[in-house]
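If you want the building blocks of each chain, they are given just below.
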Amino acid sequence: MKPFSRGPRRLLQAVSLLTLVGAAQAGAEPPTAAPSTPPPPAVPFDARVARDTVLFRKAKPGDDDVAPLSTGHILTVIKLEPAQTWGGETSPVGAVQPNAQSTFYTLLSRLEPLRPGQVVSAAEATALLSKQLPADGRSWCQRFTERMLLPASSGVGKAGALIYSSSSDDACHGYMALVSGTGKAAKARALPRRGPIESIIVHEVPGGGPPLLSVVEALRGAGISGSRRTLFSLSRGTPRELLAVEVATDKLEKDTRHSVASTVTFNPSGNGLDIEVRRTEMKVTLATGAESNKTETVKRYRYEGGKLTAAPASAKP
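A quick note: this is a predicted structure, and the numbers were derived from the prediction, not measured.

1. Section: the side chain of Ser233
Within the fold, Ser233 resides in strand 14 (residues 224-235). Setting aside residues up to four positions removed in sequence, Ser233 forms contacts with Pro210, Pro211, Leu212, Thr238, Pro239, Arg240, Leu242, Tyr303 and Gly306.

So, in structure tokens, the structure goes:
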């Protein structure tokens, strides 16, 4: 009987072990799958720049030949490219069009796909802006229409957007409009024409106050060149100019050049923005390049509730 007495004991031990393993597995939490990024929509589709990014000339990103682009701009993704790594971030790359004339590339991880009807389409924006464009060369000017999705705090209305011409051509530059709605309900309000637009940034304000619109435009004229940054309050859908700053300008004055360069920084604070403007001004003798009358000034402002207030300025001769 001895040979048979060990068999049932071993069988019982094996059954008990299987029972314990099964109980442990039953009590354990099921394994969780690693979160995956949803696939992008079928091309073409519109996407909002969800965080500041750069546009590349080639599908393989590099640090050379890049153009910065701020949050809020709308791009049409026309093609998907393999994943690439830039700035320590790996993501599929999209061929994108800020306007019908230009094609660039950027990381899809920086973009937020938009639903149809969430923002005025490229065709709708072009048709609305075309009402301001001159008849002469209109078809060419239309190719430079760009879009920005505005925050709800702008007061522009549902699907509020800013549309503008990014062209530097004499006939096409500086046209802007605010748009509410999409499709047949889309309505545009023309804004005063600016110089050739170099960049546009919409600064959202903590607490949901009226956003601040920053427009940099090129300056053109007899003996003057450079660019100027103008700040607007977007309150109740009506832009109100608050401040103009010479970003970098040169003005010829006989045998000297009057040069101005400024940097502007924006820092969220409380329910507003703290703004600092550092300005350097000097005269440069054309014949020798000698600098004179150099001054540096710092001005500070507070933007809150759609209003801009100034703090005392400091000067450094």
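2. Some words on the packing of aromatic side chains
For the structure on display, the rule yields two aromatic pairs. A centroid spacing of 5.4 Å and a plane angle of 75° characterise the contact between Phe56 and Trp86, whose relative ring orientation is edge-to-face. Of this pair, Phe56 sits in strand 2 (residues 53-56) while Trp86 sits in strand 4 (residues 74-86); the two residues are 30 residues apart in sequence, bridging distant segments of the chain. Ring geometry for Trp140 and Phe144: centres 5.1 Å apart, planes at 75°, overall edge-to-face.

3. Quick word on the pattern of salt bridges
Counted by the stated rule, this structure contains 16 salt bridges. We note a salt bridge from Glu217 to Arg194, for which the minimum N-O separation is 2.8 Å. Of this pair, Glu217 sits in strand 13 (residues 212-221) while Arg194 sits in the loop between strand 11 (187-191) and strand 12 (197-203), and the two are 23 residues apart along the sequence. In terms of burial, Glu217 and Arg194 fall into one category: buried. Salt-bridge contacts for Arg279 lead to Glu281; the nearest nitrogen and oxygen are separated by 3.2 Å. Note on Glu281: relative accessible area 22%, which makes it partly exposed. Beyond isolated ion pairs, a larger network of salt bridges with shared partners links Arg51, Glu89 and Arg110.

4. Comments concerning the environment of Phe266
Within the secondary structure, Phe266 sits in strand 16 (residues 256-269). Counting along the chain gives eleven residues from Phe266 to Val277, while the straight-line C-alpha distance between them is 9.3 Å. Beyond its immediate sequence surroundings of up to four residues, Phe266 is in contact with His203, Leu212, Arg229, Leu231, Asp274 and Ile275.

5. A look at the confidence of the model for the protein
The predicted structure's coordinates, where accompanied by low pLDDT, should not be read in detail. Confidence along the protein averages 87 in pLDDT terms, with 87% of residues attaining 70 or more. Scored below 50 in pLDDT, residues 1-29 shows zero contacts in the model against residues more than four places distant or in partner chains.

6. Focus: unusual backbone geometry
That bond from Val43 to Pro44 is cis: its omega, -5°, falls within 30 degrees of zero. For Pro44, the position within the fold is in the loop between helix 1 (2-27) and strand 1 (45-49). Even without being glycine, Arg236 reaches a positive phi, approximately 55°. In this structure, Arg236 sits in the loop between strand 14 and strand 15 (238-253). Even without being a glycine, Lys254 presents a positive backbone phi close to 55°. Mapped onto the elements of the fold, Lys254 is located in the loop between strand 15 and strand 16.

7. Brief notes about helix 2 (residues 122-130)
Along helix 2, the positions that sit buried rather than exposed are Ala125, Thr126, Leu128, Leu129 and Ser130. Against the buried residues of helix 2 lie helix 3 (138-141), strand 8 (145-149), strand 9 (161-165), strand 10 (176-180) and strand 11.

8. Let's talk about the sheet that holds strand 8
Judged by pairing direction, the sheet is antiparallel, and its four strands sit side by side in the order 8-9-10-11 without closing on themselves. Of all strands in the sheet, those with a lone pairing partner are strand 8 and strand 11, marking the two edges. Along the sheet, successive strands turn relative to each other by an average axial angle of 25°, direction set aside. Where strand 8 lies against strand 9, five bridges are found, and the strand directions are antiparallel. Bridge pairing in strand 9 places Leu149 opposite Ala161.

Conventions and cut-offs
- Residues numbered from 1 in each chain as written.
- Predicted model: local features only at pLDDT ≥ 70, side-chain atom pairs only at ≥ 80, totals over all residues.
- Heavy atoms only, no water.
- Helix = DSSP H or I, 4+ residues; strand = E, 2+ residues; numbered from the N terminus.
- Contact = heavy atoms within 4.5 Å.
- Phe/Tyr/Trp six-rings, centres within 6.5 Å; stacked < 30°, edge-to-face > 60°.
- Salt bridge = Lys/Arg side-chain N within 4 Å of Asp/Glu carboxyl O.
- Buried < 20%, exposed > 50% of the residue type's maximum accessible area, 1.4 Å probe, protein only.
- pLDDT = per-residue confidence, 0-100.
- Pairing = 2+ DSSP bridges.
- Axes fitted to C-alpha atoms, helices over the stretch in contact; angles between N-to-C directions.

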